[in-house]
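# Summary of the model geometry
Each chain is listed here by its residues.
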Amino acid sequence: MTAELEASSRKRILVIEDEPDIVRGLRDALEFEGFEVQARGTGAEGLTAAMDWAPDCVLLDLMLPDDNGYRVCETLRSRDETVPIIILTAKAQESDKIRGLEAGADDYVTKPFSVAELIARINAIFRRQSRMSSSHADETFTIGSWSINARKHTMSRGRTSKRLTFYELEVLKLLRERSEETLSRDELLEKVWGVQTSTTSRTVDNFIVKLRRKLEEDQKNPRHILTVYGLGYKLVP
Ligand code: CA
């Protein structure tokens, strides 16, 4: 393989972050891991780079000089349904994390974060992506009246189509594989998120809340993703 081909097969990571020290640290670590890195210090420049450079993954700071990261995330997501977005946030509060995930992010890490953990998450997203494009290329399944397309990351019904993040899709696929069985939060965490220091069973609960909001007619009385008290969750397709 020529050096050129090798270079072109490297995954591209766009860092949208205004703190030079963090950018420098991320760039060094990511390049060391073999990723190609570009960095932008404002939301506007970041959005332009995302369109021009077509990164494989975006690391997005929430506190940017010209815009808030949630809006940048929403804009990014509206232009590209599938690019993984990982939010870098100094805000440790749960509500901020949920807001970021609702803006279309796939994951978040809280500053100060460990670069090793961040890289593990990036690699986990890429592994999931390649697993999905190889073994689940045309997989579709239904939950209630929704048709889930694993390749397109969408759930659709009639003219309505919603995007599913990687983790949402993984949770649904796992619940579906084990349909009618109860999966514990720990098992979901381990199988979907892998072992990560900052994920907790709250992460699972937040995802279930979000998924129900998307899937269920009445999220207060879910009919498909059921809570089994003291045990976990199960899917009734
Ligand atoms: Ca910042």
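Further up the page is the structure itself.
A brief look at the structure comes next. Keep in mind the model is a prediction, meaning the values are calculated, not measured.

### Side note on the overall build of the protein
- The helix and strand inventory of the protein stands at 9 helices and 12 strands.
- Every one of the 237 residues in the protein was classed for burial, and the buried ones make up 47%.
- The long-range share in the protein, meaning contacts at least 24 apart out of those at least 6 apart in sequence, stands at 58%.
- Carbon and sulfur atoms form 49% of the exposed surface of the protein, whose accessible area is close to 11,700 Å².

### A few points about the coordination of the calcium ion
- Around the calcium ion, the protein supplies Asp18 (OD), Glu19 (OE), Asp61 (OD) and Met63 (O) as donor atoms, at distances of 2.1 to 3.1 Å.
- One chain supplies every donor for the calcium ion, spaced along it as D-E-x41-D-x1-M.
- Residue Asp18 is classed as partly exposed on the basis of its relative accessible area, which comes to 29%.

### Quick notes on empty space enclosed by the protein
- Tallying each qualifying case throughout the model produces 2 cavities of 30 Å³ or more.
- Leu62, Tyr70, Ile87, Thr89, Asp96, Lys97, Gly100, Leu101, Ala105, Asp107 and Tyr108 are the residues that line the largest cavity.
- At the level of elements, β4 (85-89), α5 (94-102) and β5 (107-110) are the ones that each hand at least two residues to the lining of the largest cavity.
- The biggest single contributor to the lining of the largest cavity is α5, with 4 residues.
- Across the lining of the largest cavity, the residue classes break down as 6 nonpolar, 2 polar and 3 charged.
- What the second largest cavity holds in volume is close to 40 Å³.
- The wall of the second largest cavity is formed by 10 residues, among which Asp107, Tyr108, Trp193, Thr203 and Phe207 lie closest to the centre.
- For the lining of the second largest cavity, the secondary-structure elements that each account for two or more residues are β5 and α9 (201-215).
- Grouping the amino acids of the lining of the second largest cavity by side-chain chemistry returns 5 nonpolar, 2 polar and 3 charged.

### Some words on the side chain of Glu170
- Assignment of secondary structure puts Glu170 in helix α7 (residues 166-177).
- Side chain to side chain, Glu170 and Lys173 meet in a polar contact 3.3 Å long.

### Brief notes about the sheet that holds β5
- Taking strand neighbours across the sheet as the criterion, the 5 strands line up as β2-β1-β3-β4-β5 in an open arrangement whose pairing is parallel. Because the sheet does not close on itself, it has two edges, and the strands there are β2 (36-40) and β5. Sheet twist, expressed as the mean angle between neighbouring strand axes with direction ignored, is 20°.
- Where strand β1 (residues 12-16) meets strand β3 (residues 57-61), 4 bridges bridge the pair, whose relative direction is parallel. Bridged to Ile13 within β3 is Cys57.
- Taken strand by strand, helix α3 (residues 43-53) contacts β1 and β2, and its axis lies near 165° from that of β1.

### Section: the pattern of salt bridges
- Going through the model one piece at a time under the given rule, you end up with 18 salt bridges.
- Here Arg163 and Asp106 are joined by a salt bridge, their closest N and O atoms 3.7 Å apart. Separated by 57 residues along the polypeptide, Arg163 in strand β9 (residues 160-163) and Asp106 in the loop between α5 and β5 bring together distant segments of the chain. No difference in accessibility class separates Arg163 from Asp106, as the two residues are buried.
- Among the ionic pairs, Lys173 bridges to Glu170, the shortest N-O distance being 3.3 Å. Residue Lys173 and its partner Glu170 are both found in helix α7; the two are separated by 3 residues, about one turn of the helix.
- Its relative accessible area of 6% is what places Lys173 among the buried residues.
- Since its relative accessible area comes to 8%, Glu170 is described here as buried.
- Where salt bridges share partners, they join Glu17, Glu19, Asp61 and Lys111 into one cluster.

The rules behind the values
Sequence order sets the numbering: in each chain, residues are counted from 1 along the sequence as written. Given that the model is predicted, a residue must reach a pLDDT of at least 70 before its local features are reported, and side-chain atom pairs must reach 80 or more before they are shown or counted; all residues, however, enter totals for whole chains, interfaces and linings. Excluding hydrogens and water, the side-chain values take into account all heavy atoms of the structure. Each helix corresponds to a stretch of at least 4 residues labelled H or I by DSSP, and each strand to a stretch of at least 2 residues labelled E; elements are numbered beginning at the N terminus. The classification of residues rests on relative accessible area computed with a 1.4 Å probe and restricted to protein chains. Under 20% of the type maximum is buried, over 50% is exposed, and intermediate values are partly exposed. Note on contacts: a residue pair qualifies if any of its non-hydrogen atoms lie within 4.5 Å across the two residues. Only the protein chains shown count as cover for residues, and the accessible areas themselves come from Shrake-Rupley with a 1.4 Å probe. Sites may look incomplete because water is not among the atoms; the donors themselves are N, O and S atoms within 2.8 Å of the metal, or within 3.2 Å for Na, K and Ca. Buriedness of a pocket was judged along seven lines, with at least five required to meet protein on both sides within 12 Å; pockets are open sets of points on a 1 Å grid over the protein atoms alone, cavities are sets where a 1.4 Å probe fits but cannot get out, and lining residues have an atom within 4 Å of a point. Grid points are joined across faces, edges and corners, and a volume is the space filled by probe spheres set on the points. Amino acids are sorted into nonpolar (Ala, Val, Leu, Ile, Met, Phe, Trp, Tyr, Cys and Pro), charged (Asp, Glu, Lys and Arg) and polar (every other residue, Gly among them). Polar contacts here mean pairs of N or O atoms no more than 3.5 Å apart (in protein, one a potential hydrogen donor and the other a potential acceptor; neighbouring residues in sequence count only if both atoms are side-chain atoms). The rule for pairing is simple: two strands pair if DSSP sees at least two bridges between them. Where helices are involved, their axes are fitted lines through C-alpha atoms of the stretch in contact, as for all axes, and angles between N-to-C directions lie from 0 to 180°. Every case where a carboxyl oxygen of Asp or Glu lies within 4 Å of a side-chain nitrogen of Lys or Arg is listed as a salt bridge.

Just geometry here; none of it tells us what the structure is for.
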